[in-house]
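For reference, the chains in residue letters:
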Amino acid sequence: SLATFDGQPMTPTLTGLPLEYRIVEIFASEAGAKIASLEFAAPLSGDKQGVRSSSILAEWRFFDDTAGWQAQNQVKLEVKDGALLVNGTGDDPFFAVKLQDPVKKGDYVLRFWARAEEAGIGQIFWWTSERGQPDGDHAVSFNVEGGREMLYEIPFSDPGSLIGLRIDPNVKPC
């Protein structure tokens, strides 16, 4: 079960800052190992001048299929145990997704958990309604950590309406 903790030390006014905290209790009625996924989003205030009212723009769940992600070059995609498995088959593997709805211009962060066999350099590319395909001027590189699972957070921005993403998992075969 999941519940918020509203007892002490919580007080009606904490520090007076616009950002406060919340204690969350997670508990089980039976003993033994448990697995849970918790996700949080902090909405942005208002929807003024292109400011988004939610911090989550797109979300992909890999229960039954690739959730719209498609193999595009020298890569095989497979869904297993709620994860998207990416198997590079050549020197330039990449896969992409078209977003269901265009996302207003702005600053973005692509977040995903991944485990790579080898360290290297990955890249993300994006395209917009105004620019219908990815190109080298709209790409960000990131370090790929080998041998361990980790959260990747790749910031990028665009003045156009975002409609698609491409991930190149490593600049060498993965």
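Just so it is clear, the structure is predicted and the values come from calculations on it, not from any experiment. (Residues numbered from 1 in each chain as written. Predicted model: local features only at pLDDT ≥ 70, side-chain atom pairs only at ≥ 80, totals over all residues. Heavy atoms only, no water.)

1. Quick notes on the pairing of strand 8 (residues 120-128)
Two faces, one strand: in a regular strand the side chains alternate between the faces of the sheet. Basically, it comes down to this: Note on classification: 1.4 Å probe, protein chains only; a residue is buried when its accessible area is under 20% of the maximum for its type, exposed when over 50%, partly exposed between these limits. Here a strand is any run of E in DSSP of at least two residues, a helix any run of H or I of at least four, and the numbering for each starts at the N terminus. Two strands are said to pair when DSSP picks up at least two bridges between them.
Taken across its nine residues, strand 8 has seven buried, putting it largely inside the fold. Where strand 8 lies against strand 9 (residues 139-144), six bridges are found, and the strand directions are antiparallel. When the sheet's bridge partners are listed, Gly122 is paired in strand 9 with Phe142. Bridge analysis of strand 8 against strand 11 (residues 162-168) gives six bridges, and the strand direction is antiparallel. Bridging from a neighbouring strand, Phe125 pairs with Arg166 of strand 11.

2. A few points about the environment of Gly88
Its location among the elements puts Gly88 in strand 5 (residues 83-88). For Gly88, a relative accessible area of 12% translates into the label buried. Separated by 15 residues in sequence, Gly88 and Asn73 place their C-alpha atoms 8.7 Å apart.

3. Considering the environment of Leu77
The test is simple: Throughout, a contact is declared for two residues whenever any of their heavy atoms are within 4.5 Å.
For Leu77, the position within the fold is in strand 4 (residues 75-80). If near-sequence neighbours (up to four positions away) are discounted, Leu77 is found in contact with Thr66, Trp69, Gln70, Ala71, Leu84, Leu85, Val86 and Phe95.

4. Side note on the pattern of salt bridges
As a reminder, the rule being used: Think of a salt bridge as a Lys or Arg side-chain nitrogen and an Asp or Glu carboxyl oxygen that are within 4 Å of each other.
Tallied over the full model, the rule gives five salt bridges. The residue Arg131 makes a salt bridge to Asp135 at a minimum N-O spacing of 3.8 Å. With a relative accessible area of 17%, Arg131 lands in the buried category. When the shortest N-O distance is used, the salt bridge between Asp158 and Arg131 registers 3.2 Å. Placement of Asp158 in strand 10 (residues 149-158) and of Arg131 in the loop between strand 8 and strand 9 is noted, with a sequence separation of 27 residues between them. For the residue pair Asp158 and Arg131, the accessibility class agrees, reading buried in each case.

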